[in-house]
Amino acid sequence: MIRFVLKRAIWVAPNILILTFLLFAILTSWLGSPSAMMLGLDASPAAISEMNRAYGFDDPIIQQYVRWLWAALQGDFGRSYATKQTVSSMIGSALPISIELGLWAICLSGFAAVGLNSLIPRGKISGSLISAVSVVSITIPNFMLGATLVYVFAIYLRWLPTSAWAPWSDGILDHLLHLILPVATLSAFYFGSFSMIYRAEYRSVMNQLFVRVARAKGLSATRVSLQHILPNSVLPVITFMGITLGQLMGGAVVTEVVFSLPGIGRTFVAAIRGNDYPVILAIGAIVLTGMMVTNLIADIVIAWINPQVRLSS
Amino acid sequence: MNIDRRHMMKATSAFALALSTPWSASAQQETPRSGGTLTVGLVNDNTKTMDPRLSIQLDERQVLFLLYDTLVAVDRNFSLQPDLAKSWKIENDGKRYVFTLQEGVKFQDGTPFDAAAVKWNIESRLDEKVLSSQRAQLLPVIASIEIVSPSVVAFNLNYQYPSLLADLADRAGLMLSPTAAQKFGQDFGRNPVGTGAFVLKQWVQGTNITLARNPDYWRKGEPYLDSVVFRTVPSAVLGLQRVGIGEIDVMANLGPAETKLIDPRTTTAMKLPIGRWYSLQWQVDRAPFNNAKLRSAIAHAIDRNRINQILFDGQGTIADGLTPQGLWYSSPFKPGFEYSPDKARALLKESGWNMSDPITLWAPSEASYNRISQLVGEQIQAIGLKVNLSPVAQSEYYARVVQKSVNFTPSSWASRADPDGLYYFLLHSKGTGNTTGYSNPQVDRLLEQGRSITDQTERAKLYGQVQEIVMQEVPYICLLFGADYVAVSNKVRNWAPSPDSYPRFRRAWKAA
């Protein structure tokens, strides 16, 4: 098992290096000079070359990349051109919010999708209901669902706050109350996709020989479902959860905007709109790294659940 | 049926408007109540810095005018009032402004506000390294800042520039603490220190900006509110829902359509005293629009009332000039280009324009510009012209107007407290905002004369003459002044929007 983990981990580092280099090259030279992007369309060539010199954009790309990487490894991503804050402090305050939101949503929707689909017998009305809910929740646009939930629960019934982020320091209850609607909105989408993936796999495992044997032994339907089918059909869901969590390092843009959450997605979009290249670069690199690492974790979890994977490698 | 519904909706919004009068009258009888929190909704908050020297975004100004005071203030009819400057004298033929400052004013960090602080504030904006957004505007004008005494400061100018006072009522006049600016350096934008009625307490970017009452504010007894909170909302519609349940007290930047969502039992829609000036512009120094008859023909083909109905629900004001009525410098509108397709066709014939040549009309992507382009395109097609609508991204649009690669297009400007601000900028042959190539020696002379005298009635006459010439020569087709609204909870007292659209809540209070 340790061998397996090490083998996978060794491959992650070079991948991150190559991908962040590509990102760096695209942003700093292939799409035009960052000075021209930041100074805007009517910038004079003199102003652009002055800025190029001041920020070292004239140096060879490898040298620039190494300089950026070295600083980034020490946690220094430079300063935002728009807000003049350090990029690391901007990310430091926004990332935990997106990660908390993402973890809640993924865990909740993952457990709900796997649990409901395993426990509710298919063919019954309740089974069809789950399929219907999955399809609806995946097709309703997030902004519409979010706005509808706000209207029903915050404006009409007035049970919950409409928006905003309450930090833990405001009290646990307040914190959780503010989280309910955004987490519900985000979970709805993931519930749909997790549920569909799980059902497809579940159906293919359901009729395999070992399952029929378990049934023939006289085990209860619940036990067959949870002990025999579930472990064998949950793997694709876990892989997908890993990828999803990685993606969510880039923030859940729509949910963050609808609920005015100061997460990383909102920061990312503002940076792209304002050509704020140090911020785009830093968040891009974090998303890449996050995807790689969560993928690795998902692989490890799968190997732990499924001996075939860890033995065959 | 359709018409009936539209009428009914108009009636409801008119009712909402009517409500604004009784409460402002009753507000004068009530005694102000201290305390409470006023919540303001900001749509898609773009705030990036609270350093007035660097500020570009309009959203930032909503907050800046509470944290800082300006040297000069504007009134509801755009007349200039004292603020941090108690009084001023204009000397040396309009090339020297001497300000007497309020005494005993302290910044929020306890350091004194005096002539040296004013000098530092202006010089810092002129400093190349600061990259101030006001540098381009001040640099050609300011020759030197002179400390006459601790409470008297003089601005020496390179030339006559009557807009100086208006500029000092805007971003360039917001005074920040030199000590704090040097202490925080690049982080000042997050740690603002001014002399204003409120101090920054908490700023969670993208969620809320919380300001608290400045207990040592130099105007004794003000402000009444304990705090002002700016909350980010994803859209005006969702913001108005929150106004309805009392979560938000003030939502600005609403169009007439959005005011229909307002429930008059809880909320009042207040119209901004002055709307943006919308126009069409073209390059008059080159073909095809150097043909004056063609320009007049197009101007007569445009039905401005229809544009007003469609864009602003009829609540805008038709413009027969650059600046709205009712300001100290506005002269009465002379009837401009009446809508007359017949006249337009006759002028078109006289112009000798080849009807098979297409005219390119640009359509910037912002919603109101885009609709104006579509409507104008439709209307000039009706007199037999061939029109190509050519889309351009809003972010590129103005840069391309300046480069002259966008020719015939809608444009819009906000009115300024001094007429020189817009007239000289757009119409003088050397004006920095002259993108039409318009050059008329008589207009140049009148505008220069407008800079050289200080008597307001005399100046108003000069700008009136310019307005008449512009209406004849059509470097711009004046369309209309827009209608902007602010939704205000009925609990908010003693507050009304100002013409520059920056809220100043220091005298506002909230009923229990």
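Remember, it's a predicted structure, so these values are computed and weren't measured experimentally.

Caption draft 1: Highlighting the overall build of chain A. Along the backbone of chain A there are 15 helices and 0 strands. Based on the C-alpha atoms only, the size of chain A along its principal axes is roughly 80 × 55 × 35 Å. Relative to its 313 residues, chain A shows a buried fraction of 42%. Counting contacts in chain A only where the partners sit at least 6 residues apart, residues at least 24 apart contribute 71% of the total. Computed over 19 positive and 12 negative side-chain charges, the inter-centroid distance for chain A is 22 Å.

Caption draft 2: Examining the interface of chain A and chain B more closely. Listed per partner, the contact involves 24 residues of chain A and 25 residues of chain B. In this assembly, chain A packs against chain B so that about 2100 Å² is buried in total across both faces, 54% of it on carbon and sulfur atoms. Across the contact surface, chain A and chain B share 1 salt bridge. Measuring nitrogen to oxygen at the nearest pair gives 3.1 Å for the salt bridge that ties B:D187 to A:R79. The interface formed by chain A and chain B holds 7 residue pairs in polar contact (both at pLDDT 80 or more) in total. For the side of chain A that touches chain B, the elements supplying multiple residues, two or more each, are α7 (142–156), α12 (253–258) and α13 (264–273) of chain A. Per-element accounting of the side of chain A that touches chain B gives the leading share, 5 residues, to α7(A).

Caption draft 3: Broad picture of the nonpolar core. All names here are of chain B. Ranked by size, the top nonpolar core spans 73 residues in total, and within it I298 and L427 carry the most contacts. Once residues within four sequence positions are removed from consideration, I298 is found in contact with W282, F289, I359, I380, L385, F408 and I477. Of all hydrophobic cores here, the second largest spans 72 residues; its members include M50, V63, L126 and L327.

Caption draft 4: Up close: the domain arrangement of chain B. Residue and element names in this part refer to chain B. Segmentation of chain B into domains returns domain 1 (3–195 + 484–510) and domain 2 (277–481). Spacing between the C-alpha centres of domain 1 and domain 2 amounts to 30 Å. With 14 residues of domain 1 in contact, the opposing surface of domain 2 contributes 16 residues. If you look at where domain 1 meets domain 2, you find 0 salt bridges.

The rules behind these values
- Residues numbered from 1 in each chain as written.
- Chains lettered and ligands numbered in written order.
- Predicted model: local features only at pLDDT ≥ 70, side-chain atom pairs only at ≥ 80, totals over all residues.
- Heavy atoms only, no water.
- Helix = DSSP H or I, 4+ residues; strand = E, 2+ residues; numbered from the N terminus.
- Buried < 20%, exposed > 50% of the residue type's maximum accessible area, 1.4 Å probe, protein only.
- Contact = heavy atoms within 4.5 Å.
- Lys, Arg positive; Asp, Glu negative; His and termini not counted.
- Charge placed at Lys NZ, Arg CZ, Asp CG, Glu CD.
- Buried area = accessible area lost by both parts, 1.4 Å probe.
- Salt bridge = Lys/Arg side-chain N within 4 Å of Asp/Glu carboxyl O.
- Polar contact = N/O pair within 3.5 Å; in protein donor to acceptor, adjacent residues only side chain to side chain.
- Core = buried A, V, L, I, M, F, W, Y, C linked by side-chain atoms within 4.5 Å.
- Domains from an automatic or database assignment.

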